[in-house]
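Residues per chain, in single letters:
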Amino acid sequence: MSDNLMDKVNALGERLKIGGSEVGQKISAGMSSMSFKMKEFFQGPNQADNLVEEATAETLDEPDWATNLELCDMINTQRVSSIDIIRAIKKRIMLKNARVQYLTLVLLETLVKNCDKAFSEVAAERVLDEMVKIIDDPQTVVNNRNKALILIEAWGESTEELRYLPVYEETYKSLKSRGIRFPGRDSESLAPIFTPPRSIPPSEVYPVPPQNIIQQEIPLPVQSMSAEQTKEAFDVARNSLELLSTVLSSSPQQDALQVWMLN
């Protein structure tokens, strides 16, 4: 009877062990899934998307130059990833909202003028393909189409600066070969080139000393030495040269050094 009872206890223990392991695995899987969903929930849109959306908001009546140039400064100081910004711009260009498209093209123009790596990343992310789609789309408003054409023409004719990125010239020539007419460039509509902020406030002016002070000769202090101090200084110098001579005893310059010391 006792043996039979022990067998049942052992069997129950094994069942509890197996069941506990399965429950633990299910709990672990459930917690992992929950952790992923919570991370996704709290993370939300990335920083680049938010910045580009702010600079190209549909509520803007005109380009927000201050925000655009601040974004350039953030890229140049590596406070935000330039490749992420270019990808966010590409997504905004793909939208069918006419105002957002135009503001995004202006932002793109500002970035390539003021950020060193922008041209390479625009080419790598195939942003030009989306600009050509804007040009080819019959529903694109005239201003947006002209803006895309103006940018592609400017970049395509910059053969010296963009020779290492042939996609710009190739895109420009491809449009010309199709008979696309370019509206010409208006210097007043172009994005500004970024000017770094002053390191000195405008109100701060360095004082200019009076002329008589500038021309005044300032005597330099000369320290006189006694004969004993002069002899001591020469002795120190000679001892130093003798030490150097010992170190260079195997050097071919030794003879020249000895002649110099004797003189």
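Residues numbered from 1 in each chain as written. Predicted model: local features only at pLDDT ≥ 70, side-chain atom pairs only at ≥ 80, totals over all residues. Heavy atoms only, no water.

**Student:** Whenever I open this one, the overall build of the protein chain confuses me. Can you help?
**Tutor:** Assigned secondary structure in the protein chain consists of twelve helices and zero strands. Traced from its N-terminal end to its C-terminal end, the protein chain shows the element sequence α-α-α-α-α-α-α-α-α-α-α-α. Of all 263 residues assigned to the protein chain, the portion counted as buried reaches 29%. If you take every contact in the protein chain between residues at least 6 apart in sequence, the share linking residues at least 24 apart comes to 68%. For the protein chain, the exposed surface amounts to about 19,100 Å²; the carbon and sulfur share of it is 56%. (Helix = DSSP H or I, 4+ residues; strand = E, 2+ residues; numbered from the N terminus. Buried < 20%, exposed > 50% of the residue type's maximum accessible area, 1.4 Å probe, protein only. Contact = heavy atoms within 4.5 Å. Areas by Shrake-Rupley, 256 points an atom, 1.4 Å probe, with all protein chains shown as cover.)

**Student:** Would you mind showing me how to read the packing of aromatic side chains here?
**Tutor:** To describe a pair of aromatic rings, you give the distance between the ring centres and the angle between the ring planes. According to the stated counting rule, one finds four aromatic pairs in the structure shown. Relative to Trp155, the ring of Phe119 has its centre 5.9 Å away and its plane inclined at 90 degrees; by these criteria the two rings are edge-to-face. Of this pair, Phe119 sits in helix H6 (residues 118–124) while Trp155 sits in helix H8 (residues 142–156); the two residues are 36 residues apart in sequence, bridging distant segments of the chain. The residues Phe119 and Trp155 share a single accessibility class, namely buried. Counting every residue linked through ring pairs, the aromatic cluster contains Phe119, Trp155 and Tyr168. (Phe/Tyr/Trp six-rings, centres within 6.5 Å; stacked < 30°, edge-to-face > 60°.)

**Student:** Which parts of the structure should I look at to understand the state of the cysteines?
**Tutor:** Among covalent bonds in proteins, the disulfide is the one between the sulfur atoms of two cysteines. By the definition in use, this model includes zero disulfides. No disulfide involves Cys72; its nearest neighbouring cysteine sulfur is the one of Cys115, lying 4.1 Å away. Residue class for Cys115 comes out buried when judged on its relative accessible area of 5%. (Disulfide = S-S within 2.5 Å.)

**Student:** Explanation requested: the nonpolar core in the structure shown.
**Tutor:** Counting 43 residues, the largest nonpolar core has Ile85, Leu108, Leu111, Met131, Trp155 and Tyr168 as the members making the most contacts within it. Of all the secondary-structure elements, those providing two or more residues to this core are helix H2 (47–55), helix H3 (65–76), helix H4 (82–93), helix H5 (98–114), H6, helix H7 (127–136), H8 and helix H9 (166–177). Those residues within four positions of Ile85 in sequence are excluded, and the remaining contacts are Ala48, Leu51, Val52, Leu71, Ile75, Val80 and Leu111. (Core = buried A, V, L, I, M, F, W, Y, C linked by side-chain atoms within 4.5 Å.)

**Student:** Hey, could you run me through the environment of Ala118 in this one?
**Tutor:** Tracing the sequence through the fold places Ala118 in helix H6. We classify Ala118 as buried; its relative accessible area is 5%. Along the backbone, Ala118 and Ile85 are 33 residues apart, and their C-alpha atoms lie at a distance of 9.5 Å. Those residues within four positions of Ala118 in sequence are excluded, and the remaining contacts are Leu111 and Val112.

**Student:** I tried to follow the pattern of salt bridges on my own but got confused; where do I start?
**Tutor:** Between side chains of opposite charge, a pair can form as their charged atoms come close. Throughout the structure, instances matching the rule amount to 13 salt bridges. For Asp129, the salt bridge is made with Arg126, and the minimal N-O distance between the two is 2.8 Å. Taking the relative accessible area as the measure of exposure, Arg126 reaches 52% and is therefore exposed. For Lys173, the salt bridge identified is with Glu169, shortest N-O distance 2.8 Å. Residue Lys173 and its partner Glu169 are both found in helix H9; the two are separated by four residues, about one turn of the helix. Counted as one network, the salt bridges with shared partners bring together Glu70, Asp73 and Arg79. (Salt bridge = Lys/Arg side-chain N within 4 Å of Asp/Glu carboxyl O.)

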